[in-house]
Amino acid sequence: MTVKYVPIWLCPNHSPRRHHHHQLGIISDWVHKGRVLSPWNLRKLHLPRFQKLECLGVLLDQRAVKFVGDEIPELRGFHKDLTSLPRPLSTSESFCSLSDGSKVRVAYQGVPGAYSEDAALKTYPMCYTVSCEQTEAALKAVELSLVDKAVLPIESSVGGSIHRNYDLLLRQRLHIVAEVHLVVDHCLLGLPGARKEKLNRVLSDHHVLDQCEIMLNNLGVIKVKAHDTAGAAQIVASNGLRDTGAVASGRAAEIYGLDILAERIQDDKHVITRFLILAREPIIPGSQRPHKTSIVFTLEEGTGVLFKALAVFALRGINLLKLEAHPQRKHPLRIVDENRKGTAKYFGYLFFMDFEASMVESRAQYAMGQLQEFARSLRVLGCYPMDTTL
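Conventions used here
- Residues numbered from 1 in each chain as written.
- Predicted model: local features only at pLDDT ≥ 70, side-chain atom pairs only at ≥ 80, totals over all residues.
- Heavy atoms only, no water.
- Helix = DSSP H or I, 4+ residues; strand = E, 2+ residues; numbered from the N terminus.
- Buried < 20%, exposed > 50% of the residue type's maximum accessible area, 1.4 Å probe, protein only.
- Contact = heavy atoms within 4.5 Å.
- Areas by Shrake-Rupley, 256 points an atom, 1.4 Å probe, with all protein chains shown as cover.
- Axes fitted to C-alpha atoms, helices over the stretch in contact; angles between N-to-C directions.
- Parallel < 35°, antiparallel > 145°, perpendicular 65-115°, else oblique.
- Left-handed = near helix turned anticlockwise from the far one by under 90°.
- Nonpolar A, V, L, I, M, F, W, Y, C, P; charged D, E, K, R; others polar.
- Pairing = 2+ DSSP bridges.
- Core = buried A, V, L, I, M, F, W, Y, C linked by side-chain atoms within 4.5 Å.

Draft legend 1. Region of the structure containing the overall build of the protein. From N to C terminus, the protein includes 11 helices and 23 strands. Counting the 390 residues in the protein, one finds 52% classified as buried. Within the protein, residue pairs in contact and separated by at least 24 positions form 76% of the contacts whose partners lie at least 6 positions apart. Element-wise, carbon and sulfur atoms account for 53% of the exposed surface of the protein, whose accessible area totals about 19200 Å².

If you want it as structure tokens, here you go:
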């Protein structure tokens, strides 16, 4: 079932209490004396004895290390009242939602038939999908408790990482609770009775048009950029454009009553897109299946610091799945005066990392504890089961 997301304006003085919590953010991991403490094991501590607990990424000495994203106004301030934080979901509860998807509301960017909706339905087959015009609206719907989860495309086997969506991860206080690998097969769609040889124009997302360049060039059509793939199919169907085709999924053809004029028209026949599922609360990782942890951090200036950061995982036998550096936007250049011999300017980077381990494992906790000793900032984006299916 598909539900259209309608923006709701909230007065700051009349916001529901739950909204207040999520505006301030949810703390996913804590550090005490170099040891990472997760929300699920904080209950084992006698909290009055630990009055100096701080959010992961804030060291307990006088260096006042910033949380990644604190330079963005929306991310300032921590929520340190443990009693008012939402209870983390357990892995078993997450899997129950997977089988009982009728109770889950999942927001995505696009219109019905979008690949992001396909990813939501793969994860929660009976869920209510909520269409949003913009990705930011989908994430904000989760933050305001209008929906339970949101789908965020993060990288493609053809186009690589979607950098803008990595930036959105930093602007929101949401947690990655699942990943989805979706096989993408682009189809050329047209009105019933249309023939691909008679098309003059083809609409689709500009990335998708690039991925189908060989086929479209052979047809000699004009490529027209649309907001998304399913939206292109909707335009062709609603306007009765007989000389115009759309590149979208086969499910979009069913939804809008279009014919599939050609299947698998992408240049690379094996295209896989990775999506993230985001929620307000983290899940408690289990041990029944492999888990992945996603973090983002910045490093102090110095020789071999990146090597040291990688070594804390290698020395503990933790497999690194991905490492990606993005220049920091607010302060892109770092000025270093080396022994008064001149001023050097370097890019300052955010490092996004995925590693194969669960945060309930002691080796992961010790690695994170050692990393935060020389990291300027550190944030756990999520710990979640790895998707091993296609």
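The structure having been displayed, the exposition proceeds.
Draft legend 2. Looking closely at the packing of helix H4 (residues 135-143) against helix H5 (residues 163-171). At a closest axis distance of 11 Å, the pairing of H4 and H5 adopts a crossing angle of 25 degrees. In terms of their interaxial angle, H4 and H5 are classed as roughly parallel. Crossing hand, H4 versus H5: right-handed. Residues Thr 135, Glu 136 and Leu 139 of H4 lie in contact with H5, whose contacting residues are Arg 164, Asn 165 and Leu 168. Split into classes, the residues belonging to the contact of H4 with H5 amount to two nonpolar, two polar and two charged.

Draft legend 3. Seen up close, the sheet that holds strand E13 (residues 222-225). The sheet built from five strands is open, its strands ordered E13-E12-E14-E11-E15 with mixed pairing. Of all the strands in the sheet, the pair left with one neighbour each is E13 and strand E15 (259-262). Sheet twist, expressed as the average angle between the axes of neighbouring strands with direction ignored, equals 35 degrees. Examined bridge by bridge, strand E12 (residues 201-204) and strand E14 (residues 244-248) share three bridges and lie parallel to one another. Within E14, the position partnered with Arg 201 by the bridge is Thr 244.

Draft legend 4. Representation of the nonpolar core. Residues Val 151, Leu 169, Leu 189, Ala 233, Leu 258 and Leu 278 are the most contacted members of the largest nonpolar core, which totals 60 residues. Not counting residues up to four positions away in its chain, the partners in contact with Leu 189 are Ala 233, Gly 245, Ala 246, Ala 248, Ser 249, Ala 252, Ala 253, Leu 258, Asp 259, Ile 260 and Leu 261. Membership of the second largest hydrophobic core comes to 22 residues, among which are Val 312, Phe 313, Ala 364 and Cys 383.

Draft legend 5. Structural view of the side chain of Gln 266. Here Gln 266 shows up in the loop between E15 and strand E16 (271-279). Once residues lying within four places of it in the same chain are set aside, the contact partners of Gln 266 are Val 184, Asp 185, His 186, Gln 211, Cys 212 and Val 271.

Draft legend 6. Structural context of unusual backbone geometry. For Ser 145, which is not glycine, the phi dihedral falls at a positive 65 degrees. Assignment of secondary structure puts Ser 145 in the loop between H4 and strand E8 (149-156). Unlike most non-glycine residues, Arg 264 shows phi in positive territory, near 50 degrees. Mapping Arg 264 onto the fold places it in the loop between E15 and E16.

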